[in-house]
Amino acid sequence: MSVYNYRPMPPPNPNRLLELLEAIKLEYDHLTQDAIITKTQRDEYEHKVNSQIQEMNLFQQTMADLERTQHLVKKQYEEEINRLKHQLDQLQRNTGYVPDDKPITKPTPPVLPTKTSILNGPNPGMLPLQQVSHHINTPDRPLIASKYNGQPIANVGLNDLDPESIPSSMKIEGHDWFAIFNPKTPRYLNVNLLSTMEHDSVVCCVRFSADGRYLAAGCNQTTYIYDTMTYNRVASLQDDTANKGEDLYIRSVSFSPDGKYLATGAEDRLIRIWDIVNKRIRCRLSGHEQDIYSLEFSRDGRILVSGSGDKSTRIWDWSEAKCLHKLLVNETEQSDPGVTSISISPDGRLIATGSLNKIIRIWDAMTGTLLEKLEGHKDSVYSLSFLPDGKTLVSGSLDKTLRLWQLGKGHYANPCLQIFSGHKDFVLSVATSPDNRWILSGSKDRSVQFWDTKTGQIQFMLQGHKNSVISVAVNPSKRPLFATGSGDNRVRIWSYEPLTM
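Notes on the overall build of the chain
Part 1: Looking only at helices and strands, one finds two helices and 32 strands in the chain.
Part 2: Counting the 501 residues in the chain, one finds 48% classified as buried.
Part 3: In the chain, the proportion of contacts linking residues at least 24 apart, taken out of those at least 6 apart, comes to 50%.
Part 4: Accessible area of the chain: about 26200 Å², with a carbon and sulfur share of 52%.

What to know about the nonpolar core
Part 1: Membership of the largest hydrophobic core comes to 34 residues, with the highest contact counts inside it found for Phe 181, Val 191, Leu 402, Phe 450, Phe 460, Leu 462 and Phe 482.
Part 2: Considering every element that reaches this core, the biggest residue donor is strand 29 (residues 458–463), with four residues.
Part 3: Grouped together as the second largest cluster of nonpolar side chains are 15 residues, Leu 237, Ile 250, Phe 255 and Ala 266 included.

Things to note about unusual backbone geometry
Part 1: With a phi close to 75°, Arg 269 is a non-glycine residue in the positive phi region.
Part 2: Its place among the elements puts Arg 269 in the loop between strand 11 (261–266) and strand 12 (271–275).
Part 3: A positive phi angle, near 70°, is found at Asn 436, a position not held by glycine.
Part 4: Relative to the helices and strands, Asn 436 resides in the loop between strand 26 (427–432) and strand 27 (438–443).

Side note on the sheet that holds strand 30 (residues 469–474)
Part 1: Sheet architecture is open: four strands sit in the order 5-32-31-30, paired in antiparallel fashion. Because the sheet does not close on itself, it has two edges, and the strands there are strand 5 (189–198) and strand 30. Neighbour to neighbour, the strand axes of the sheet diverge by 20° on average, direction disregarded.
Part 2: With five bridges joining them, strand 31 (residues 481–486) and strand 32 (residues 490–498) adopt antiparallel strand pairing.

Describing the sheet that holds strand 4 (residues 178–181)
Part 1: An order of 3-4-29-28-27-26 is seen for the six strands of this open sheet, with the pairing classed as antiparallel. The strands lining the two open edges of the sheet, one partner per strand, are strand 3 (171–173) and strand 26. On average, each strand axis in the sheet is tilted by 15° relative to the strand beside it, whichever way the strands run.
Part 2: Of the strand pairs in this sheet, strand 4 and strand 29 are connected by four bridges, and their pairing is antiparallel. Paired with Ala 179 across the two strands is Leu 462, which belongs to strand 29.

What to know about empty space enclosed by the protein
Part 1: Counted under the stated rule, the structure contains one cavity of 30 Å³ or more.
Part 2: Empty space within the largest cavity amounts to approximately 60 Å³.
Part 3: Residue lining of the largest cavity: Gln 221, Thr 222, Thr 223, Leu 237, Asp 239, Ala 242, Leu 248, Ile 250, Thr 264, Arg 272 and Trp 274, and that is the complete set.
Part 4: Only strand 8 (222–227) and strand 12 provide two or more residues apiece to the lining of the largest cavity.
Part 5: Per-class residue counts for the lining of the largest cavity are five nonpolar, four polar and two charged.

Rules and cut-offs
- Residues numbered from 1 in each chain as written.
- Predicted model: local features only at pLDDT ≥ 70, side-chain atom pairs only at ≥ 80, totals over all residues.
- Heavy atoms only, no water.
- Helix = DSSP H or I, 4+ residues; strand = E, 2+ residues; numbered from the N terminus.
- Buried < 20%, exposed > 50% of the residue type's maximum accessible area, 1.4 Å probe, protein only.
- Contact = heavy atoms within 4.5 Å.
- Areas by Shrake-Rupley, 256 points an atom, 1.4 Å probe, with all protein chains shown as cover.
- Core = buried A, V, L, I, M, F, W, Y, C linked by side-chain atoms within 4.5 Å.
- Pairing = 2+ DSSP bridges.
- Axes fitted to C-alpha atoms, helices over the stretch in contact; angles between N-to-C directions.
- 1 Å grid on protein atoms, 1.4 Å probe; cavity = no way out; pocket = protein on both sides within 12 Å on 5 of 7 lines; lining within 4 Å.
- Points joined across faces, edges and corners; volume = space filled by probe spheres on them.
- Nonpolar A, V, L, I, M, F, W, Y, C, P; charged D, E, K, R; others polar.

See the structure below:
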């Protein structure tokens, strides 16, 4: 007999198995139903999302259509305004009618005051920015004949030509700009707008770095630096110690030859040397007693030269923050010899200074000795630029002309090689191309003009700003670019390239 008490197991209950199977089947049906509901909801959500995407695409397309329509209407309005302006100009020329309650008079630069305020109060000799940047329609006058190799040249007044009457081969029209080429001389260039930079104030000055990679623009309180390849703003330089409650216009800028530093001259009589990478002030140069209007590094980077309304030009060893020479004008008979502009010769041996008293002076950069005086302009000299050959100098004046000077001719020969006439208002800025071929000028008449140094003729006239062109600059490297700064708060970068047939 076994010690284990085995009991026989009862046979399985078939009804119990059926109940379990039925329960499993019910649970499966519930899960299947839940899955169907979830899938239905997902399909509904996907349909709603797709509908919203389609609505967004339709909205974007509608916005794009509206923008195109707006641009078209704007262009039509601008064309109509330009047509009416042209008709008004024709009326003024034919009848002498001027739609202004005030008489048209030529402003005279005032005498240097003791306290300066460039916009609201007395000014330091140079015209205030309001007067420079606010355009006034003036009656046309006969163009002055230019001289080239002793022969008079009558330049074509491209400002007076009707763009609609010019053949398409002799003009280029953009969205809000146009260029007219001289129909009486061969066309050699194309011009095109590359980029526009908007600012909150008048743009007083523009300047390229030596390698052409960067462009600096001086405005109120702040100097901006742009990459000329991407056109992006890479730096905003503002002195935190300056009084931000008052206007402080940056009237001049200059890059060091290595591109590491930027010198800025402002209305507070200080020169600031900026470390561009670190966006901080390396040093401040003080000594001028009035606004600083012009700055330039020598090409070897050894010196920095500054010109001021205090009638002096200073030569600085900027790395040591030390003034080497103070070039003074001691001519008491002159009404106001405040220094408006400077230019250093490519070899660094000569310094040219332009002044409010119409005279250009040439100085020895090493000794500070006055070498030569150039006289001929009928009004203040506002801008100077050496040509790359280092032997000739171009000047721009409030007498509405440019002059090309040959240096070192002595007292018995006329140093003026030619007179460029064609602007209808003050010439505020001049620049030269690195190939010695072209001279650029910016004017209160809102135009930029390209002049051929070989013939003395205008190559083209560019209208690309809504206010005075206060500053022009040419890229000193091989890339054919130039920049303009204007009273319309804009900086524009342009290309000028040889015409390909």
